[in-house]
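# Coordinate analysis (summary)
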Amino acid sequence: MATVSFKGATRVYPGTETPAVDKLDLDISDGEFMVLVGPSGSGKSTALRMLAGLEEVNEGSIYIGDRDVTNSPPKERDIAMVFQNYALYPHMSVADNMGFALKMQGVSKDDRAKRVMEAAKLLGLEEYLERKPKALSGGQRQRVAMGRAIVRDPQVFLMDEPLSNLDAKLRVQTRTQIAELQHRLGVTTVYVTHDQIEAMTMGDRVAVLKDGLLQQVDTPLNLYDAPKNLFVAGFMGSPAMNLIEAEITDSGAKIGDYVVPIERSLLAKAGDDKTLMLGVRPEAFHLADEGVPVRVAVVEELGSDAYLYGSAENTTGQQIIARIGTRMHAEKGALVHLAPQPDKLHLFSTSTEQRLTA
Ligand SMILES: Nc1ncnc2c1ncn2[C@@H]1O[C@H](COP(=O)(O)OP(=O)(O)OP(=O)(O)O)[C@@H](O)[C@H]1O
Ligand SMILES: [Mg+2]
């Protein structure tokens, strides 16, 4: 087991100007499950490949434990990687697929069989060891790919979107299995996904990337409760946080003709800006007598929950999503009032996009 540190690590691809990963500083603890999340092209795979030794580091350094591995070849880093296309060898049995890397390392046949069996037991693959990959389901193949990494008993697991080939239902099951397995094995893991729900549910901590720049790294709940900037606020959470540009008044922030009360000291943090960005999660709105007037477009009734979609009146079509009680019978076209829970407001500067805090 080991810690992992990126220290100002930068990758500029040849022939490009802007770094794909820009001065990344990230410390991962021993045994931690760290998720890198961000939209397409944000530099997640590049960061992972830099750690794996598959991509050159142009500036800064990378440590595994107290070893500076910045210039070490991949095979000296003691890591195992699970890719999106886990590309099993089709002509080999599950057991041979799982043991292949060990065979290459010169591990004896008996030792190999023992380690493959241990991993197969962990993954519930014992009865499939003699099968060829084509005779397995997608989820079973995914587990074989995990098995291949586990038998190597590495210091660090690296996983790049390992669930993206699975259908939605299997993805949900498998993500829980991977998270459980990781906790059981206690091997430091860096896991890449563009799916913020995967990030929230799997990570001990989550690092949010955008355009090669680290935006915030924290526990899933802290990211959810206190996003540092507008990007993280909009990216984490589903349905997304409502982000509403509101005019600053003496006593609050005005949306249409409703003023959301906000403390003066907090409003002052907006500096010379005439507006601020008000963030309200869908569950922090509730139907009330007074609040933001919203024209209902549709109510999605899910049985356990209901989501109201509409647009705020007297604004330029500001869309609003609110989680309301189920079976509330809000009619399409009706005018309702949504009040944000005062202690659940998120405020961001319109000019800097950073969170405003008292
Ligand atoms: N070999 C390459 N040469 C030049 N540019 C590259 C190369 N590989 C990636 N890039 C660029 O680097 C940036 C980061 O790419 P990267 O693959 O790390 O993103 P990502 O976050 O993994 O995205 P995705 O979610 O789509 O997999 C992108 O702008 C991409 O176009
Ligand atoms: Mg990628």
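Summarised in this report is the structure supplied together with it. (Residues numbered from 1 in each chain as written. Chains lettered and ligands numbered in written order. Predicted model: local features only at pLDDT ≥ 70, side-chain atom pairs only at ≥ 80, totals over all residues. Heavy atoms only, no water.)

### Observations concerning the packing of aromatic side chains
- In this structure the tally under the stated criterion is 3 aromatic pairs.
- Seen from their ring centres, Y89 and F100 are 4.9 Å apart, and the 65° between their planes marks the pair as edge-to-face. Taken together, the residues span a long stretch of sequence, with Y89 in the loop between β6 (79–82) and α2 (94–104) and F100 in helix α2 at a distance of 11 residues.
- Ring centres of F231 and F235 lie 5.5 Å apart, and the angle between their planes is 15°; on these two criteria the pair is classed as stacked. Placement of both F231 and F235 in helix α8 (residues 230–235) is noted, with a separation of 4 residues, approximately one turn of the helix. The same class applies to F231 as to F235, namely buried.
- In this structure, K7 is placed above the aromatic ring of Y63, and the distance from its NZ or CZ to the ring centre is 5.3 Å. (Phe/Tyr/Trp six-rings, centres within 6.5 Å; stacked < 30°, edge-to-face > 60°. Helix = DSSP H or I, 4+ residues; strand = E, 2+ residues; numbered from the N terminus. Buried < 20%, exposed > 50% of the residue type's maximum accessible area, 1.4 Å probe, protein only. Lys NZ or Arg CZ within 6 Å of the ring centre and 35° of its normal.)

### A short note on the site of ligand 1
- As a structural note, the neighbourhood of ligand 1 is formed by Y13, A20, P39, S40, G41, S42, G43, K44, S45, T46 and E161.
- Contact between ligand 1 and Y13: a nitrogen atom at 3.4 Å from a side-chain N or O atom of the residue.
- Taking S45, its side chain carries an N or O atom lying 2.8 Å from an oxygen atom of ligand 1.
- Counted by class, the shell around ligand 1 contains 3 nonpolar, 6 polar and 2 charged residues. (Near = heavy atom within 4 Å. Polar contact = N/O pair within 3.5 Å; in protein donor to acceptor, adjacent residues only side chain to side chain. Nonpolar A, V, L, I, M, F, W, Y, C, P; charged D, E, K, R; others polar.)

### Notes on the sheet that holds strand β4 (residues 59–64)
- What the 4 strands build is an open sheet, ordered β2-β1-β4-β5; its pairing is antiparallel. Of all the strands in the sheet, just β2 (21–28) and β5 (67–68) have a single pairing partner and so form its edges.
- Where strand β1 (residues 4–11) lies against β2, 5 bridges are found, and the strand directions are antiparallel. Each residue of the ladder has a partner; that of A9, found in β2, is L24.
- The sheet contacts of helix α1 (residues 44–52) involve β1, β2 and β4, and relative to β1 the element is tilted by about 115°. (Pairing = 2+ DSSP bridges. Contact = heavy atoms within 4.5 Å. Axes fitted to C-alpha atoms, helices over the stretch in contact; angles between N-to-C directions.)

### With respect to the sheet that holds strand β15 (residues 285–301)
- On the basis of which strands lie adjacent, the open sheet formed by 4 strands has the order β17-β16-β15-β18 and antiparallel pairing. Whereas interior strands pair on both sides, the edge strands pair on one side only; in this sheet they are β17 (319–324) and β18 (335–340). For this sheet, the mean angle separating the axes of adjacent strands, direction not counted, is 55°.

### Remarks on the pairing of strand β9 (residues 205–210)
- Note that strand β3 (residues 33–37) and β9 share 4 bridges and pair parallel. Across the sheet, the residue bridging to V37 is V208, located in β9.
- Pairing geometry for β9 and strand β10 (residues 213–218), over 5 bridges, is antiparallel. From the neighbouring strand, V206 faces β10, where its bridge partner is D218.

### What about the packing of helix α4 (residues 138–150) against helix α5 (residues 168–185)?
- Two elements in contact, α4 and α5, have axes whose closest approach is 11 Å; the angle formed by their N-to-C orientations is 20°. Classed by the angle they form, the pair α4 and α5 counts as roughly parallel. The two elements α4 and α5 meet at a crossing, and its hand is right-handed. Facing G138, G139, Q142, R143, M146 and I150 of α4, the residues of α5 in contact are L170, T174, Q177, I178, L181 and L185. (Parallel < 35°, antiparallel > 145°, perpendicular 65-115°, else oblique. Left-handed = near helix turned anticlockwise from the far one by under 90°.)

### Thoughts on the pattern of salt bridges
- A full pass over the atoms with the stated rule returns 7 salt bridges.
- Here D22 ties to K23 by a salt bridge, and the two come within 3.9 Å at their closest N and O atoms.
- We classify K23 as exposed; its relative accessible area is 52%.
- Bridged by salt links that share partners, the residues R11, R49 and E55 form one connected network. (Salt bridge = Lys/Arg side-chain N within 4 Å of Asp/Glu carboxyl O.)

### Structural notes on α2
- For α2, the set of buried residues is V94, A95, N97, M98, G99 and L102.
- Packed against the buried residues of α2 are α3 (109–123) and α4.
- Note on α2: the residue one or two positions beyond its end, G106, has a positive phi of about 85°.

### Section: unusual backbone geometry
- The omega torsion of the bond from S238 to P239 falls at -5°, within 30 degrees of zero and hence cis.
- With respect to the helices and strands, the residue P239 is situated in the loop between α8 and β11 (242–248).
- Phi at K23 takes a positive value of approximately 45°, unusual for a residue other than glycine.
- Within the secondary structure, K23 is located in strand β2.

None of the figures reported here should be taken as evidence of function without further support.
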